[in-house]
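# Notes for the structure review
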Amino acid sequence: MLRYYRKLRRQGKLLSLRMTEGAVFLRRFVEFPRQVGSVMPSSRYLTRAVMDKIDWEKTRCLAELGAGTGVFTRSILRNLRKSGEALVFEIDPMLKRMIEDEHSGLNVHGDARELPKILLERGIPELDCVVSSLPFAVLPPRMTASILDAVCKCLKPGGKMVAYQYSRHMKPYFEKRFANVKTSFVLRNVPPAFVYECVKGA
Ligand SMILES: C[S@@+](CC[C@H](N)C(=O)[O-])C[C@H]1O[C@@H](n2cnc3c(N)ncnc32)[C@H](O)[C@@H]1O
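Here the structure is a predicted model, which means the values were calculated and not measured.

Neighbouring residues of the ligand: 24 residues in total, closest Val-36, Ser-42, Glu-90, Ala-112 and Tyr-164. Glu-90 places a polar side-chain atom, nitrogen or oxygen, 2.6 Å from an oxygen atom of the ligand. Separating a nitrogen atom of the ligand from a backbone N or O atom of Ala-112 is a distance of 2.9 Å. Breaking the shell around the ligand down by element, the ones donating at least two residues are helix H3 (33-36), helix H5 (71-79) and helix H8 (141-154). Taken together, the residues of the shell around the ligand sort by class into 15 nonpolar, seven polar and two charged.

Once that is clear, we can look at the packing of aromatic side chains. The final tally for this structure, using the stated rule, is six aromatic pairs. Ring centres 5.8 Å apart and planes at 75° place the aromatic pair Phe-72 and Tyr-164 in the edge-to-face group. Note that Phe-72 is positioned in helix H5 and Tyr-164 in strand E4 (residues 155-165), a separation of 92 residues in sequence. With relative accessibility at 1%, the residue Phe-72 sits in the buried group. By relative accessible area, Tyr-164 is classed as buried at 9%. Positioned over the ring face of Tyr-45 is Arg-188, at 4.1 Å from the centre of the ring.

Rules of the game
- Residues numbered from 1 in each chain as written.
- Predicted model: local features only at pLDDT ≥ 70, side-chain atom pairs only at ≥ 80, totals over all residues.
- Heavy atoms only, no water.
- Near = heavy atom within 4 Å.
- Polar contact = N/O pair within 3.5 Å; in protein donor to acceptor, adjacent residues only side chain to side chain.
- Helix = DSSP H or I, 4+ residues; strand = E, 2+ residues; numbered from the N terminus.
- Nonpolar A, V, L, I, M, F, W, Y, C, P; charged D, E, K, R; others polar.
- Phe/Tyr/Trp six-rings, centres within 6.5 Å; stacked < 30°, edge-to-face > 60°.
- Buried < 20%, exposed > 50% of the residue type's maximum accessible area, 1.4 Å probe, protein only.
- Lys NZ or Arg CZ within 6 Å of the ring centre and 35° of its normal.

Right, dumping it as structure tokens:
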């Protein structure tokens, strides 16, 4: 499947590429439902809703958690200033390879729990923003808690996490950790999603 995907990319066949991307995603969901958390990549409406919550003028360093097939990664790399830096995390080795293939020079990291370690290794003091697609509500609770702790530790005061979820389950957990949590809803996605804008206290 990955070889076929690479061939389509080389040939520039965009429609077939997106269909294959959907098929790869579905296959990973069937194999690892609780890790992937949804049956298809985010729609362009959800992508836009998430990207619109970010102040790109002020964002220098951003982490993306749970990149999947890279629908958000494309927009992030397009929006980020030339001097900006994106740290992309995807735990599934096949999806990780797909994103690295698409964006030459981009080194995709694995488990989002390693966020503080990667920041330290790269000499980055703090993050302006985190974009999360992680299915927090269905991940093992200890993994969810440890990722949220890592995000809070790495964000600058006043920094923001933008995360989408398919239910309201995580809202109290976000409210416990962040000074301000705003919710919006995107209907045009499968399934429809809640977008959480979580701002760390000063
Ligand atoms: C719902 S998918 C989102 C994919 C993509 N960002 C999108 O919006 O279409 C969640 C992704 O998170 C990844 N994931 C789950 N646990 C993770 C972890 N601990 N660290 C990094 N990625 C993880 C899954 O492999 C999956 O690709």
